[in-house]
Amino acid sequence: MRYADIAGKFGVGGDFDIVGESKGTCRLPKVIDLRSDIVTKPSVEMRRAMYEAEVGNDSWHEDPTSERLQELAADRLGKEAALFVTSGTQGNLLATLSHLGKGGTIVAAEDSHVGYGELDGYREIGSASLVSVPTTKGAPKSAELRKSLAGVEPGGASQTVVWVENTHNLAGGIVLTSGDMAATRSVAEDFGVPVHLDGSRIFNAATYLNVPASELAKDADSVQVCLSKGLGAPIGSILAGSAGLIEEARRWRQMIGGQMRQLGVVAAAGIVALEVMTRRLHEDHENARILAEGLAEIRGIQIDPEDVQTNLVFCNVERGFGTAESVTASLREESVLAGPAGVNPQAIRFAVHCDISRKDVADALVAISSVMENPS
């Protein structure tokens, strides 16, 4: 697959220098980092806002910029209050602690980030246990959720929380609809337990469905949103919920060392993330679809572009063409960074984000095609 062919197909112009094309290799002029949307860099507008931010002591509610960010986030998510936290992992942990205190049970959709990506903080810090519920395209199966809740150790609703993830990463960046959320909420209400939404990429889901993020968060008692993934901020997440829950989360945040002082410096970037960057996520989705369509034409790659809904692109390396590890290692030599996906040794994940252009996608496809034509 030649660059000129890809560029012509997807309307990408400009020069591109391929070194050693006759040998089936290419050297790209820049590193194209598709490992995750956590690698995004703050925009010029964010940097300017950070420099000019009015600041104060956030722990005393005297930082006007962080107060504005939290009010804006609560409004966008349809909640009473919100709290800036250092990361999505911290936001999810604070939600668990605020709902459960010490102990209790998290009943989570299978393959949720809380189970594989947060170093068991729920157990080590919160003394909670985890029950995994089978899903249909990332959404908990109602019958299985009901069965799991019925089997939770006696202790009352105050010691159980239902956990969902939107978009669901390991399901392929797939979107849960407001109907999916309502179904989960209905079961949880029957047992009198709260629902937490790990909405790290909820604005991607809202963009895909063309609905406000508040529509997807309305059936959750708490929601965590990352500012530092596709929204491009250098640091931080938001935890939103009732005023009482957020006050409790603020207490836990201080206890685990997450309280900050002149928070406005980074909160300013979060404001730009919510006001500006949420409006351009459709560009990432379009580029992800183009990447998926290009991958589908490359020998040795298995993917159905129709499975791609947001900015995450999952594909499988056919046996005989290497493994995810060997292919991504070869891609690194061609200046394209990607990563294995989950426990499947053949699966690769590509994450498209604000620092990836249409030309970057075309360049990456050339490199991937080259690697797959010469499997190691």
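Figured I'd write up the structure that's included with this text. (Residues numbered from 1 in each chain as written. Predicted model: local features only at pLDDT ≥ 70, side-chain atom pairs only at ≥ 80, totals over all residues. Heavy atoms only, no water.)

**Considerations on the overall build of the chain**
No. 1: Of regular secondary structure, the chain possesses 15 helices and 15 strands.
No. 2: Relative to the 2.2 N^0.38 estimate, which gives 21 Å for 376 residues, the radius of gyration of the chain is 22 Å and therefore close to what a compact globule would have.
No. 3: Projected onto its principal axes, the C-alpha positions of the chain cover 65 × 50 × 35 Å.
No. 4: Intrachain contacts of the chain at a sequence separation of at least 6 include 73% that bridge at least 24 residues.
No. 5: Taken as a whole, the chain presents about 15,600 Å² of accessible surface, with 48% of it coming from carbon and sulfur.
No. 6: Considering the chain, the positive charge centre built from 35 side chains and the negative charge centre built from 50 side chains are found 2 Å apart. (Helix = DSSP H or I, 4+ residues; strand = E, 2+ residues; numbered from the N terminus. Rg over C-alpha atoms; globule rule 2.2 N^0.38 Å. Contact = heavy atoms within 4.5 Å. Areas by Shrake-Rupley, 256 points an atom, 1.4 Å probe, with all protein chains shown as cover. Lys, Arg positive; Asp, Glu negative; His and termini not counted. Charge placed at Lys NZ, Arg CZ, Asp CG, Glu CD.)

**Digging into the pairing of strand β15 (residues 347–351)**
No. 1: Burial analysis of β15 places 5 of its 5 residues in the buried class, the great majority of the element.
No. 2: In this structure, strand β12 (residues 312–317) lies alongside β15, joined through 5 bridges in antiparallel fashion. Note on β15: the bridge partner recorded for L312 is A351.
No. 3: The pairing of strand β14 (residues 339–340) with β15 spans 2 bridges and is classified as antiparallel. (Buried < 20%, exposed > 50% of the residue type's maximum accessible area, 1.4 Å probe, protein only. Pairing = 2+ DSSP bridges.)

**A few points about the nonpolar core**
Most often, soluble globular proteins keep nonpolar side chains buried together rather than apart.
No. 1: Membership of the largest hydrophobic core comes to 53 residues, with the highest contact counts inside it found for I202, L227 and I238.
No. 2: Sort the elements by how many residues they give to this core and helix α12 (residues 264–275) lands first, with 8 residues.
No. 3: For I238, the contacting residues outside a window of four places in its chain are L69, A73, L77, A82, L83, F84, V85, V223, Q224, V225 and L227. (Core = buried A, V, L, I, M, F, W, Y, C linked by side-chain atoms within 4.5 Å.)

**Observations concerning unusual backbone geometry**
No. 1: Residue N166 is joined to T167 through a cis peptide bond whose omega torsion reads 0°.
No. 2: Secondary-structure assignment places T167 in the loop between β7 (160–165) and α8 (178–191).
No. 3: Located in the positive-phi region is D111, a residue other than glycine, with phi close to 65°.
No. 4: Following the sequence through the fold, D111 ends up in the loop between β3 (105–109) and α5 (113–116).
No. 5: Phi at N210 takes a positive value of approximately 60°, unusual for a residue other than glycine.

**Description of the side chain of R349**
No. 1: Locating R349 in the fold gives a position in strand β15.
No. 2: Despite its burial, R349 remains without a salt bridge, the nearest opposite charge being carried by D37 at 5.3 Å.
No. 3: Here R35 takes part through its backbone oxygen, which lies 3.1 Å from a polar atom of the side chain of R349.
No. 4: Aside from chain neighbours lying at most four places away, what touches R349 is L34, R35, S36, N169, R201, L312, V313, F314, A338, G339, P340 and A341. (Salt bridge = Lys/Arg side-chain N within 4 Å of Asp/Glu carboxyl O. Polar contact = N/O pair within 3.5 Å; in protein donor to acceptor, adjacent residues only side chain to side chain.)

**Focus: the pattern of salt bridges**
No. 1: Tallied over the full model, the rule gives 18 salt bridges.
No. 2: Of the charged contacts in the structure, one is a salt bridge between K218 and E215, with a shortest N-O distance of 3.1 Å.
No. 3: Through salt bridges with shared partners, a single network forms among D58, R250 and R253.

**As for the sheet that holds strand β11 (residues 301–302)**
No. 1: An order of β11-β12-β15-β14 is seen for the 4 strands of this open sheet, with the pairing classed as antiparallel. Every other strand in the sheet has two partners, leaving β11 and β14 as the edge strands with one partner each.
No. 2: Along the sheet, helix α14 (residues 324–333) makes contact with β12, β14 and β15, crossing β15 at roughly 40°. (Axes fitted to C-alpha atoms, helices over the stretch in contact; angles between N-to-C directions.)

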